[in-house]
Structure formats: C-alpha cells, structure tokens
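# Descriptive structure summary
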Amino acid sequence: MKTIILLSIALLASLPASASVESEKQELALIQAHLDKLDYLIARAEREADYRALRQFEYGALKSDIRQIQAGIDDYLHPDRAVPRPVTPLGGDYVQRAMP
C-alpha cells in the first residue's frame, strides 16, 4: 500500500511546475491522466490486500477522494456555459433639446 502512495506522490511531484497561463490546462489534463492510471494500481493493491488483518486500508475512501479531485479538475477544465442574465430595457431619453 505504501508503494501506491509513494508512486502517487512521485507521479504528481514529477509534473512540470510551469506557471505559464497557456500551459495550465495542459498540466491539469496531465494530472487527470496520472489519476486515471492510479485506478489500475489501486485495483491491484486491493486484490493483494489481506482481509484477515486487523487493520484494513479504506480503498473505497481513496477511490472516492480521487474521483472528487478528478471532478474538480474536470469542472475547471470544462466549465458549464454561463447562464445569460435577463435583458433590462434601457429607459433613458438621449435627445437633448436646444434652449431657445
């Protein structure tokens, strides 16, 4: 199990730390791809778990947290379209009358 956690940290730490605005979405997409790869490692560790041991790792909680992180990144990368506000009619009189 420590292997999964260490590998996760290593994968995330190996990501380029570019602060460029243009590449932010690419970096977040790369994080998404790494998180997707963790699914395989988690499933493999879960298959190898000894369910007779007194202490058990909560794989469900780990998977839930990863899904929540992925959803947050996805929401940022693909925001919902903004809802248009209602149009308020203009009421100003823009004709200026000449003074006699």
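From a predicted model like this one, the values you see are computed outputs, not experimental measurements.

## Notes on the overall build of the protein chain
When you go through the protein chain residue by residue, the secondary structure sums to 3 helices and 0 strands. Seen in sequence order, the protein chain has helices and strands lined up from the N terminus as α-α-α. Across the 100 residues that make up the protein chain, the buried fraction comes to 18%.

## Remarks on the packing of helix H2 (residues 24-48) against helix H3 (residues 59-77)
Packing of H2 against H3 brings their axes to within 10 Å, and their N-to-C directions diverge by 165°. Put simply, H2 runs roughly antiparallel to H3. With respect to the hand of their crossing, H2 and H3 are arranged in left-handed fashion. Within the contact of H2 with H3, the residues separate by chemical class into 14 nonpolar, 2 polar and 8 charged.

## Side note on the nonpolar core
Inside soluble globular proteins, nonpolar side chains tend to come together where they are buried. Grouped together as the largest cluster of nonpolar side chains are 10 residues: Leu 28, Leu 35, Leu 38, Leu 41, Ile 42, Ala 45, Tyr 59, Ile 66, Ile 73 and Leu 77. Those elements that place two or more of their residues in this core are H2 and H3. In terms of residue count, H2 provides more of this core than any other element does, 6 residues in total.

## Notes on the pattern of salt bridges
Evaluated as defined, the whole model comprises 3 salt bridges. Among the salt bridges present, the one from Arg 67 reaches Asp 39, with a minimum N-O distance of 2.9 Å. Taken together, the residues Arg 67 in helix H3 and Asp 39 in helix H2 connect sequence positions 28 residues apart. Residue Asp 50 pairs with Arg 52 through a salt bridge whose shortest N-O separation is 3.2 Å.

## Details of H2
Counted at 1.5 Å a residue, the expected span for H2 with its 25 residues is 36 Å, and the 36 Å between its end C-alpha atoms agrees. Where H2 is concerned, the buried positions are Glu 27, Leu 28, Gln 32, His 34, Leu 35, Leu 38, Leu 41, Ile 42 and Ala 45.

## Some words on the packing of aromatic side chains
According to the stated counting rule, one finds 1 aromatic pair in the structure shown. Between the aromatic rings of Phe 57 and Tyr 59, the centroid separation amounts to 5.0 Å while the plane-to-plane angle is 65°, which identifies the pairing as edge-to-face. Judged by relative accessible area, Phe 57 falls into the partly exposed class, the value being 33%. Under the relative-accessibility criterion, Tyr 59 is labelled buried at 7%.

## Some thoughts on the side chain of Gln 70
Residue placement: Gln 70 occurs in helix H3. Owing to a relative accessible area of 11%, Gln 70 belongs among the buried residues under this scheme. Here Asp 36 takes part through its side chain, which lies 2.7 Å from a polar atom of the side chain of Gln 70. In contact with Gln 70, not counting residues within four places along its chain, are Gln 32, Leu 35 and Asp 36.

Definitions and cut-offs
- Residues numbered from 1 in each chain as written.
- Predicted model: local features only at pLDDT ≥ 70, side-chain atom pairs only at ≥ 80, totals over all residues.
- Heavy atoms only, no water.
- Helix = DSSP H or I, 4+ residues; strand = E, 2+ residues; numbered from the N terminus.
- Buried < 20%, exposed > 50% of the residue type's maximum accessible area, 1.4 Å probe, protein only.
- Axes fitted to C-alpha atoms, helices over the stretch in contact; angles between N-to-C directions.
- Parallel < 35°, antiparallel > 145°, perpendicular 65-115°, else oblique.
- Left-handed = near helix turned anticlockwise from the far one by under 90°.
- Nonpolar A, V, L, I, M, F, W, Y, C, P; charged D, E, K, R; others polar.
- Core = buried A, V, L, I, M, F, W, Y, C linked by side-chain atoms within 4.5 Å.
- Salt bridge = Lys/Arg side-chain N within 4 Å of Asp/Glu carboxyl O.
- Expected span 1.5 Å × (residues − 1).
- Phe/Tyr/Trp six-rings, centres within 6.5 Å; stacked < 30°, edge-to-face > 60°.
- Polar contact = N/O pair within 3.5 Å; in protein donor to acceptor, adjacent residues only side chain to side chain.
- Contact = heavy atoms within 4.5 Å.

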